[in-house]
Amino acid sequence: MNKYIIIVALGALSFGMLSSFAKIAYGQGYTPEEITLAQAFFGTLILWTIVFFRKIKNGQKLQLNWKLLLAGTSMGSSAYTYYLSVAYIPASLAIVLLMQITWLSILIEWIFFKKKPSAVEIFSAVFIILGTVLAGNLMDLKSLNISITGVLLSLLSAVLYTLYIVFTSKIGKETPMFEKSALMTSGSAMIIFFINFESITTSTHLDFGLLQWGTFLAVFGTVIPPVCFTVGMPKIGAGLSSVLLTLELPAAVFCAYIILGEKVSFMQIIGIAIMLGAIMYLNISKAKKEKAIQKQTVAC
């Protein structure tokens, strides 16, 4: 089991480091539009290559799911706004704001699916928001000279990413993992290209450097995490998996500190700890509840 814990953790850590490397790419003259499209395009290419080889090997036919393709547009929009926010604000702040997906998903399920939040969910949401204020120094944005535009873009990314999570949990359950990922990444690439059609078609940075960045970010952001999660999650269970996914936050902050030299204060560390504690508490509570329901079902 320890092996599978490490595998899932590696997937979360892989996600977490992306924003720091994206910021390095910006320093080399590439734009968020170019980086986001390059990652989505090469991720799509790699995933479809895997899908076709698996289909040929197993003698299966490919079945297109247009709902998954459409749902992938929320993933692409989220990735674009997130990478765009990193151009305005520190990578460590961007990931803190993105982690609002935990309570946003609760809110969306309440509004659209009439699923009233439990006391545990409300309690966790309050502490996630409190941790966010501390971790992001949000009480003192003006004196820190942090871009409001960047903050709003990162929060918009969180909303879009929440929609992506809701969509993926509701549709395509019968579709194999690689095929599902390929379809959604295709939708992601299409919406990014559509939104930035003019800037991308007139770009002067479509060179070998962009190819390298696109491939690197695609491997560590689009391919490795789904593979790790598919291999490891069934072995360790949803509860422990959800807890391990929170490693994305400290990984992003640590990378921003080591790679980009971004300062992290003691109060920010306290805020991150509060956020992680609240998210872990929520996920553990959910896992225990689901396990109790399963036991009751078996007993009946």
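Residues numbered from 1 in each chain as written. Predicted model: local features only at pLDDT ≥ 70, side-chain atom pairs only at ≥ 80, totals over all residues. Heavy atoms only, no water.

### Observations concerning the packing of aromatic side chains
Taken as a whole, this structure holds nine aromatic pairs when the rule is applied. Arranged with centres 4.9 Å apart and planes meeting at 45 degrees, the rings of Phe216 and Phe220 form a pair that is tilted. Pair noted here: Phe216 and Phe220 are both in helix H12 (residues 208-236), with a separation of four residues, about one helical turn. Taken together, Phe21, Trp213, Phe216 and Phe220 form an aromatic cluster joined through their ring pairs. (Phe/Tyr/Trp six-rings, centres within 6.5 Å; stacked < 30°, edge-to-face > 60°. Helix = DSSP H or I, 4+ residues; strand = E, 2+ residues; numbered from the N terminus.)

### Thoughts on the environment of Gln294
Inspection of the secondary structure puts Gln294 in helix H15 (residues 266-299). A sequence separation of 127 residues divides Gln294 from Phe167, and the C-alpha atoms of the two residues are 24 Å apart.

### Quick look at the packing of helix H3 (residues 32-58) against helix H4 (residues 66-86)
In a packed pair of helices, the relevant descriptors are the angle between the two axes and the axis-to-axis distance. Contact geometry of H3 with H4 gives a least axis separation of 9 Å together with a crossing angle of 140 degrees. Here H3 lies oblique to H4, going by the angle between them. For H3 against H4, the interelement crossing comes out right-handed. Counted together, Pro32, Glu33, Ile35, Thr36 and Gln39 of H3 and Ala79, Tyr80, Tyr83 and Leu84 of H4 form the full contact between these two elements. Of the residues in the contact of H3 with H4, the class split is six nonpolar, two polar and one charged. (Axes fitted to C-alpha atoms, helices over the stretch in contact; angles between N-to-C directions. Parallel < 35°, antiparallel > 145°, perpendicular 65-115°, else oblique. Left-handed = near helix turned anticlockwise from the far one by under 90°. Contact = heavy atoms within 4.5 Å. Nonpolar A, V, L, I, M, F, W, Y, C, P; charged D, E, K, R; others polar.)

### Here we look at the confidence of the model for the protein chain
Here the protein chain averages 83 in pLDDT, while 91% of its residues score no lower than 70. Within the protein chain, helix H2 (residues 18-27) carries the highest mean pLDDT (91), whereas helix H8 (residues 141-144) carries the lowest (58). (pLDDT = per-residue confidence, 0-100.)

### Points about the side chain of Ser124
Inspection of the secondary structure assignment puts Ser124 in helix H7 (residues 119-135). Here Ser124 is in contact with Ala278, Tyr281 and Leu282, once residues within four sequence places are set aside.

### Side note on a nonpolar patch on the surface
On the surface, a nonpolar cluster with roughly 550 Å² of combined accessible area is contributed by Ile122, Phe123, Val126, Phe127, Leu130 and Tyr281. Among the elements that take part in the nonpolar patch, H7 stands out by supplying five residues, more than any other. Relative to the helices and strands, Phe127 is located in helix H7. According to the relative accessible area criterion, Phe127 is partly exposed, its value standing at 33%. (Patch = residues over 30% accessible without salt bridge, like charges linked within 9 Å, V, L, I, M, F, W, Y side chains within 5 Å. Areas by Shrake-Rupley, 256 points an atom, 1.4 Å probe, with all protein chains shown as cover. Salt bridge = Lys/Arg side-chain N within 4 Å of Asp/Glu carboxyl O. Buried < 20%, exposed > 50% of the residue type's maximum accessible area, 1.4 Å probe, protein only.)

### Things to note about the side chain of Ser147
Tracing the backbone through its elements, the reader meets Ser147 in the loop between H8 and helix H9 (148-170). For Ser147, the side chain forms a polar contact with the main-chain nitrogen of Thr149, separated by 3.2 Å. Within polar-contact distance, the side chain of Ser147 engages the backbone nitrogen of Gly150 at 3.1 Å. With sequence-adjacent residues up to four places away left out, Ser147 is seen in contact with Tyr88 and Ile89. (Polar contact = N/O pair within 3.5 Å; in protein donor to acceptor, adjacent residues only side chain to side chain.)

### Overview of the nonpolar core
Counting 43 residues, the largest nonpolar core has Ile35, Tyr82, Tyr83, Ile89, Ile95, Leu249 and Met275 as its most contacted members. Counting residues per element, this core draws most heavily on helix H5 (residues 91-98), which supplies seven residues. In contact with Tyr82, not counting residues within four places along its chain, are Ser19, Ala91, Ala94, Ile95, Leu98, Ser154 and Ser157. (Core = buried A, V, L, I, M, F, W, Y, C linked by side-chain atoms within 4.5 Å.)

### Brief notes about helix H14 (residues 248-259)
For H14, built from 12 residues, the straight-helix expectation of 16 Å at 1.5 Å per residue is met to within 8% by its first-to-last C-alpha distance of 16 Å. Restricting attention to buried positions, one finds in H14 the residues Glu248, Leu249, Ala251, Ala252, Val253, Cys255 and Ala256. Count one or two residues on from H14 and you reach Gly261, which has phi positive near 75 degrees. (Expected span 1.5 Å × (residues − 1).)

### Side note on the packing of H5 against H14
Axis separation between H5 and H14 bottoms out at 8 Å; the angle between their running directions is 170 degrees. Taken together, the axis directions place H5 and H14 in an arrangement best described as roughly antiparallel. When the axes of H5 and H14 are compared, the crossing they make is right-handed. Residues Ala91, Ser92, Ile95, Val96 and Leu98 of H5 touch H14, and the partners they reach there are Glu248, Leu249, Ala252, Val253 and Ala256. Of the residues belonging to the contact of H5 with H14, the class tally is eight nonpolar, one polar and one charged.

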